[in-house]
Amino acid sequence: MAELIRNSLVPVERPQAMLLLEAGYVWLDMGKWDKARDVFSGVAALMPKSEVPHIGMGSVEIAQGRFDKALQAFRAAQRLAPRAGLPRAHAGEALLFMGKPNEAMKEFKAACELDPEGDGGKLARALLEAKEAGVFADREKKR
Amino acid sequence: MSNRINMTPARISTNLTIGRQTPDNSFGQKVKTGLENTANALASGASVLASAVPGGAVLSAAVSSMGNMTSSQGVGAAYSMGSAGVTALPGATTPMINTTLPGATSGAVPGALPGATTVGGLPSVQGAAPGLPGQSNMQTMADQMNSMLQLQMQMNQENQAFTTVSNVLKVRHDTVKNTISNVH
């Protein structure tokens, strides 16, 4: 029997959980926001202790331009995994899109400190480079 | 009593003025037609290779598509969909197409369209406007070189922005893959 997801609502095998999350991201890449949101909501209900579906929800909201809701989702992921750098990096991303570079910098710094060699640190550094290249300059002006 | 010797009344033509019926094949008209065709080709964005232009004139064009993604929805969609870096940039302005022809002159051909330029290899049009000082040609070249430099700087900046956005999209993709793989 395959490994089960810990603290899941019902017994969920790890490959099944991975498949569900993959499906959510595929819907997201296809632009099917509602379907992606449904999948991630379902996975969040199945795995209430996991921050991964909340990060997926945040990605859906960013794709739709709803950056405030995205930030809420990433904050929820952060509460579930306070020692993880990835939710902090994503929160910084949402703050950049909201035209709040100073707060975003704090999140990126926290992400780099929590996860310097991991995904959170890499994403934070990549977003920092993009910010310095002026990609988000228009967002700051609009604000 | 009239002092006119000839009492015949002055002849006044009542014919309406009509357009030229025969084609105008004068030199000036041919030059004008050529300039109009060149300007139209440039404006339509047709790909003109430098080697195809008589006299080896160099044509440079810069297209900025950043303005295509100005809306927040569009930005988020392209940003998340991992599409090519070009479309993922929060745009700032409407798309611009700039074309410059070094060595070109403007406004020296009688009847030329405003902004029309000459292509290298065509008869010099400076001679058509006698009395222009020689410095104007040098100034024009200097202005064009400045605009070329600015164009190059803009392209470098855009290239850097595209590279960084592509890197972000790649990192996001790798992050998602690792996160799903490590779910527990």
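Further up the page is the structure itself.
Let us look at the structure shown here. Given the structure is predicted, the values throughout are model-derived calculations rather than measurements. Per chain, residues are indexed from 1 in the order of the written sequence. To label them, take the chains in the order written and letter them from A, then take the ligands in the order written and number them from 1. Given that this is a predicted model, residues contribute local features only at a pLDDT of at least 70 and side-chain atom pairs are listed and counted only at 80 or more, while totals for whole chains, interfaces and linings are drawn from all residues. Just so you know, side-chain values use all the structure's heavy atoms and leave hydrogens and water out.

### Observations concerning the overall build of chain A
Turning to step 1, where the next piece is worked out: When its secondary structure is counted, chain A shows eight helices and zero strands.
Turning to step 2, where the next piece is worked out: Note on conventions: DSSP H or I runs of at least 4 residues are helices, E runs of at least 2 residues are strands, and numbering of each starts at the N terminus. Each helix and strand of chain A, placed in order from N terminus to C terminus, yields the pattern α-α-α-α-α-α-α-α.
Turning to step 3, where the next piece is worked out: By residue count, 51% of the 143 residues in chain A fall in the buried class.
Turning to step 4, where the next piece is worked out: For chain A, contacts bridging at least 24 residues in sequence account for 47% of all contacts bridging at least 6.
Turning to step 5, where the next piece is worked out: Note on areas: Shrake-Rupley, 1.4 Å probe, and residue coverage restricted to the protein chains presented here. As displayed, chain A offers around 6,900 Å² of accessible surface, 51% of which is attributable to carbon and sulfur atoms. Note on classification: 1.4 Å probe, protein chains only; a residue is buried when its accessible area is under 20% of the maximum for its type, exposed when over 50%, partly exposed between these limits. When checking whether two residues touch, look at their non-hydrogen atoms; a contact exists if any pair is within 4.5 Å.

### Quick word on the overall build of chain B
Turning to step 1, where the next piece is worked out: Along chain B, the regular secondary structure elements total three helices and two strands.
Turning to step 2, where the next piece is worked out: Along chain B, helices (α) and strands (β) appear in the sequence α-β-α-β-α when read from the amino end.
Turning to step 3, where the next piece is worked out: Per-residue burial over chain B gives 26% buried out of 184 residues.
Turning to step 4, where the next piece is worked out: Long-range pairs, those at least 24 residues apart, make up 64% of the contacts in chain B with a sequence separation of at least 6.
Turning to step 5, where the next piece is worked out: Summing over all exposed atoms, chain B offers an accessible surface of approximately 12,100 Å²; the carbon and sulfur share of this is 59%.

### Focus on the pattern of salt bridges
Residues and elements named next belong to chain A.
Turning to step 1, where the next piece is worked out: What makes a salt bridge here is a side-chain nitrogen of Lys or Arg within 4 Å of a carboxyl oxygen of Asp or Glu, nothing more. Counted under the stated rule, the structure contains seven salt bridges over all chains.
Turning to step 2, where the next piece is worked out: Close ionic contact of glutamate 107 with arginine 75 constitutes a salt bridge, the shortest N to O distance being 3.1 Å. Separated by 32 residues along the polypeptide, glutamate 107 in helix α6 (residues 101–114) and arginine 75 in helix α4 (residues 67–80) bring together distant segments of the chain.
Turning to step 3, where the next piece is worked out: Arginine 75 gets classed as partly exposed once you look at its relative accessible area, which sits at 25%.
Turning to step 4, where the next piece is worked out: A single salt-bridge network, built from bridges that share partners, covers Asp34, Arg37, Glu61 and Arg66.

### Some details on unusual backbone geometry
Residues and elements named next belong to chain A.
Turning to step 1, where the next piece is worked out: At asparagine 7, a residue that is not glycine, the phi angle is positive and equals roughly 55°.
Turning to step 2, where the next piece is worked out: Here asparagine 7 lies in the segment before α1 (14–30).
Turning to step 3, where the next piece is worked out: Classification of asparagine 7 by relative accessible area gives exposed; the value is 54%.

### Details of the packing of aromatic side chains
All names here are of chain A.
Turning to step 1, where the next piece is worked out: Within 6.5 Å between ring centres, the rings of Phe, Tyr and Trp (the latter by its six-membered ring) count as paired, and their orientation is classed by plane angle as stacked under 30 degrees, edge-to-face over 60, tilted in between. This model, assessed by the stated rule, comprises three aromatic pairs over all chains.
Turning to step 2, where the next piece is worked out: Ring centres of phenylalanine 67 and phenylalanine 97 lie 4.9 Å apart, and the angle between their planes is 5°; on these two criteria the pair is classed as stacked. You can see phenylalanine 67 sitting in helix α4 and its partner phenylalanine 97 sitting in helix α5 (residues 86–97), a full 30 residues away along the chain. Exposure class is identical for phenylalanine 67 and phenylalanine 97. Each is buried.
Turning to step 3, where the next piece is worked out: Measuring from centroid to centroid gives 5.2 Å for phenylalanine 97 and phenylalanine 136, while their planes differ by 85°, and the two rings are edge-to-face. Of the two residues, phenylalanine 97 is situated in helix α5 and phenylalanine 136 in the loop between α7 (119–132) and α8 (137–142); the sequence distance between them amounts to 39 residues.

### A word on empty space enclosed by the protein
Turning to step 1, where the next piece is worked out: Residues are said to line a cavity or pocket when one of their atoms sits within 4 Å of a point; the points come from a 1 Å grid over protein atoms alone, cavities being sets where a 1.4 Å probe fits but cannot get out and pockets being open sets with protein on both sides within 12 Å along at least five of seven lines. Grid points are joined across faces, edges and corners, and a volume is the space filled by probe spheres set on the points. Evaluation of the coordinates by the stated rule reveals two cavities of 30 Å³ or more.
Turning to step 2, where the next piece is worked out: Here the largest cavity defines a volume of roughly 40 Å³.
Turning to step 3, where the next piece is worked out: Counting residues per element, the ones that place at least two in the lining of the largest cavity are α3 (52–63) and α5 of chain A together with α3 (135–181) of chain B.
Turning to step 4, where the next piece is worked out: Amino acids are sorted into nonpolar (Ala, Val, Leu, Ile, Met, Phe, Trp, Tyr, Cys and Pro), charged (Asp, Glu, Lys and Arg) and polar (every other residue, Gly among them). A class-by-class count of the residues in the lining of the largest cavity yields four nonpolar, four polar and one charged.

### What to know about the packing of helix α2 (residues 33–46) of chain A against α3(A)
Residue and element names in this part refer to chain A.
Turning to step 1, where the next piece is worked out: Relative orientation of the contacting elements α2 and α3 amounts to 160°, with a least axis distance of 8 Å. The angle between α2 and α3 falls in the class roughly antiparallel. Remark: the crossing between α2 and α3 carries left-handed chirality. Residues Trp33, Ala36, Arg37, Phe40, Ser41, Val43 and Ala44 of α2 form the contact with α3, whose participating residues are Pro53, His54, Gly56, Met57, Val60, Glu61 and Ala63.
Turning to step 2, where the next piece is worked out: Of the residues in the contact of α2 with α3, the class split is nine nonpolar, three polar and two charged. Comment: axis = line fitted to C-alpha atoms, over the contacting stretch for helices; angle = value between 0 and 180 degrees taken between N-to-C directions. The cut-offs work like this: below 35 degrees is roughly parallel, past 145 is roughly antiparallel, 65 to 115 is roughly perpendicular, and the gaps in between are oblique. Crossing handedness: left-handed means the near helix sits turned counterclockwise from the far one by under a right angle, and right-handed means the same turn made clockwise.

### Observations concerning the side chain of Arg37(A)
Residues and elements named next belong to chain A.
Turning to step 1, where the next piece is worked out: The residue arginine 37 is located in helix α2 in this model.
Turning to step 2, where the next piece is worked out: Definition of a polar contact: a pair of N or O atoms within 3.5 Å, with one able to donate and the other able to accept a hydrogen when the atoms are protein atoms, and with sequence-neighbouring residues admitted only if both atoms are side-chain atoms. At 3.1 Å, the side chain of arginine 37 and the side chain of aspartate 34 are in polar contact.
Turning to step 3, where the next piece is worked out: Not counting chain neighbours up to four residues away, the residues in contact with arginine 37 comprise Met57, Val60, Glu61, Gln64 and Arg66.

### Brief notes about the packing of α1(A) against α3(B)
Turning to step 1, where the next piece is worked out: In contact at an axis separation of 9 Å, α1(A) and α3(B) are set at 155° when each is read in the N-to-C sense. Judged by the inter-axis angle, α1(A) sits roughly antiparallel to α3(B). Only Val176(B), Ile180(B) and Ser181(B) of α3(B) make contact with α1(A), whose side of the interface consists of Arg14(A), Met18(A), Leu21(A), Glu22(A) and Tyr25(A).
Turning to step 2, where the next piece is worked out: Residue classes in the contact of α1(A) with α3(B) are distributed as five nonpolar, one polar and two charged.

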